[in-house]
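Listed below, chain by chain, are the residues.
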Amino acid sequence: MPATEAQLPTHSAAAVHAAEMRAALLAWYAAHRRDLPWRATRDPYRIWVSEVMLQQTRVAAVLEHYREFLQTFPTVQALSAASEAEVLARWSGLGYYRRARMLHHAAQVIVREQNGEIPRTAEALRALPGFGAYTAAAVGSIAFGLPVAAVDGNVERVLARIAGWSAAERGFAAQVRELATELVDTAQPGDYNQAVMELGATVCLPRQPLCLHCPWQGWCRTRGEHAMPARSTMQRQHSARAAYLRGQGSTQQVLLCRRSSQASLMAGMWELPMYAPQPGEAAAFTVRHAITVTNHVIDLFTPASNDLVPDGQWFDTAQLHELALTGLTRKVLRRLGCMPSAKV
Ligand code: ADE
């Protein structure tokens, strides 16, 4: 067990303890890592898809979509050959649709310009559409063993607590990156990067870190006492939507509207129309749905009459799974029984 005095006063102290810290972390990871499907493969395409899905989306939600996405697009060639609508339909529910568009675009570049081979250097990965420093480092280290540190929000929080830095300090991001680079295990960078992320996701939690379970506890300056940046101020938006339905059973149809192709979020995707309820009209149910920084609360109405339907298009409910629906629309249509529930 490391001595308490071993706490890191500055990032340079990390170099002294880096070897012990790596060993402690990797031993912890070997014992506690979650058994996740993208950890059972070395296929760079599958690792890449997982990393794109995992950005800003919880592991549980990703698990639900990962298998189906790879069943539909098992290779970079299959993804490249698909239409954008097919890709967005399979992405439906994961949110942040720009990520799906960039993934698709990068697959086309890889097939067209790289003979279908995902490049194996950090620089070449960075040059692909949608690859920032994090994605290039995550894919490069996990799939190809490149000795680069992947720094996402979890890693940033872990290292800030270890060193006692505040995100409000000048140069915070650069300091974190420097410490991450000093600590990365160059022999097992993929396991190391995933281990720090795992530590952040399961032990070094934003609000109530489980320090007694932490393999880095003896080197940590703050032991969870560290104030984390204030919780982002989520906005709340209340609105109403309608599910206009006609027909029954296998001939049932629902009316959907297409979002503008210029919309900043979920451009071109299908959704239920907005609705202005009559005074006193009761909603069928209420759904809560978070999109980026907004918590949406949506009252869902099922108007008794279809006499005044807004502009839109009727779709057979049996076809819905082929459409690029917004996540909220899918949630509501499942709740209405128009689509099967998610397979977990
Ligand atoms: N978050 C993003 N990628 C991850 C990974 N490979 N393991 C754990 N958490 C992650």
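Procedures and definitions
Residues numbered from 1 in each chain as written. Predicted model: local features only at pLDDT ≥ 70, side-chain atom pairs only at ≥ 80, totals over all residues. Heavy atoms only, no water. Helix = DSSP H or I, 4+ residues; strand = E, 2+ residues; numbered from the N terminus. Salt bridge = Lys/Arg side-chain N within 4 Å of Asp/Glu carboxyl O. Contact = heavy atoms within 4.5 Å. Near = heavy atom within 4 Å. Polar contact = N/O pair within 3.5 Å; in protein donor to acceptor, adjacent residues only side chain to side chain. Areas by Shrake-Rupley, 256 points an atom, 1.4 Å probe, with all protein chains shown as cover. Nonpolar A, V, L, I, M, F, W, Y, C, P; charged D, E, K, R; others polar. Pairing = 2+ DSSP bridges. Axes fitted to C-alpha atoms, helices over the stretch in contact; angles between N-to-C directions. Parallel < 35°, antiparallel > 145°, perpendicular 65-115°, else oblique. Left-handed = near helix turned anticlockwise from the far one by under 90°.

## Focus on unusual backbone geometry
- A positive phi is found at Tyr96, a non-glycine position, where the angle reads about 50°.
- Counting through the fold element by element, Tyr96 comes out in the loop between helix 5 (84-91) and helix 6 (97-113).
- Positive phi, close to 55°, is recorded for Met266, a residue that is not glycine.
- Turning to its location among the elements, Met266 is positioned in the loop between strand 3 (253-258) and strand 4 (270-271).

## Some thoughts on the pattern of salt bridges
- Within this structure, the stated rule accounts for 8 salt bridges.
- When the shortest N-O distance is used, the salt bridge between Glu198 and Arg34 registers 3.0 Å. Residue Glu198 is located in helix 11 (residues 189-202), and its partner Arg34 is located in the loop between helix 1 (11-32) and helix 2 (44-54); the two are separated by 164 residues in the primary sequence.
- Here Arg101 makes a salt bridge to Glu84, at a shortest N to O gap of 3.0 Å. Linking Arg101 in helix 6 with Glu84 in helix 5, this pair joins segments that are 17 residues apart in sequence.

## Examining the environment of Phe172
- Topologically, Phe172 is positioned in helix 10 (residues 172-183).
- Considered as a pair, Phe172 and Gln235 are 63 residues apart in the sequence and their alpha carbons are 27 Å apart.
- Apart from the residues within four sequence positions on either side, Phe172 is in contact with Glu156, Ala160, Trp165, Ser166 and Ala167.

## A short note on the site of the ligand
- Around the ligand lies a shell formed by Trp38, Arg39, Glu51, Leu54, Tyr134, Gln194, Met197 and Glu198.
- In this structure, Arg39 approaches the ligand through a side-chain N or O atom, which is 2.7 Å from a nitrogen atom.
- Burial of the ligand by the surrounding chains reaches 94%, relative to a free accessible area of 260 Å².
- For the shell around the ligand, the element with the highest residue contribution is helix 11, accounting for 3 residues.
- Of the residues contributing to the shell around the ligand, the split by class is 4 nonpolar, 1 polar and 3 charged.

## Observations regarding the sheet that holds strand 6 (residues 294-301)
- Taken together, the 3 strands give an open sheet; going across it, the order is 1-6-5, and neighbouring strands pair in mixed fashion. On the outer flanks of this sheet lie strand 1 (235-242) and strand 5 (285-291), each paired with one strand and no other. Here the strands of the sheet are splayed against their neighbours by 25° on average, with no regard to which way each runs.
- Packing against the sheet, helix 12 (residues 327-335) makes contact with strand 1, strand 5 and strand 6, and its axis sits at approximately 155° to strand 5.

## As for the packing of helix 8 (residues 133-144) against helix 11
- Across the interface, helix 8 lies against helix 11 with an axial gap of 7 Å and an inter-helix angle of 130°. With respect to helix 11, the axis of helix 8 lies oblique. Between helix 8 and helix 11 lies a crossing whose hand is left-handed. Each of Tyr134, Ala137, Ser141 and Ile142 in helix 8 lies in contact with helix 11, whose residues at this interface are Pro189, Gly190, Asn193, Gln194 and Met197.

## Re the packing of helix 9 (residues 153-163) against helix 11
- Viewed as axis vectors pointing N to C, helix 9 and helix 11 meet at an angle of 80°, and their least axial separation amounts to 8 Å. Between helix 9 and helix 11, the angle falls in the class roughly perpendicular. Of helix 11, the residues touching helix 9 (which contributes Asn154, Val155, Arg157 and Val158) are Val196, Met197, Leu199, Gly200 and Ala201.
- Within the contact of helix 9 with helix 11, the residues separate by chemical class into 6 nonpolar, 2 polar and 1 charged.

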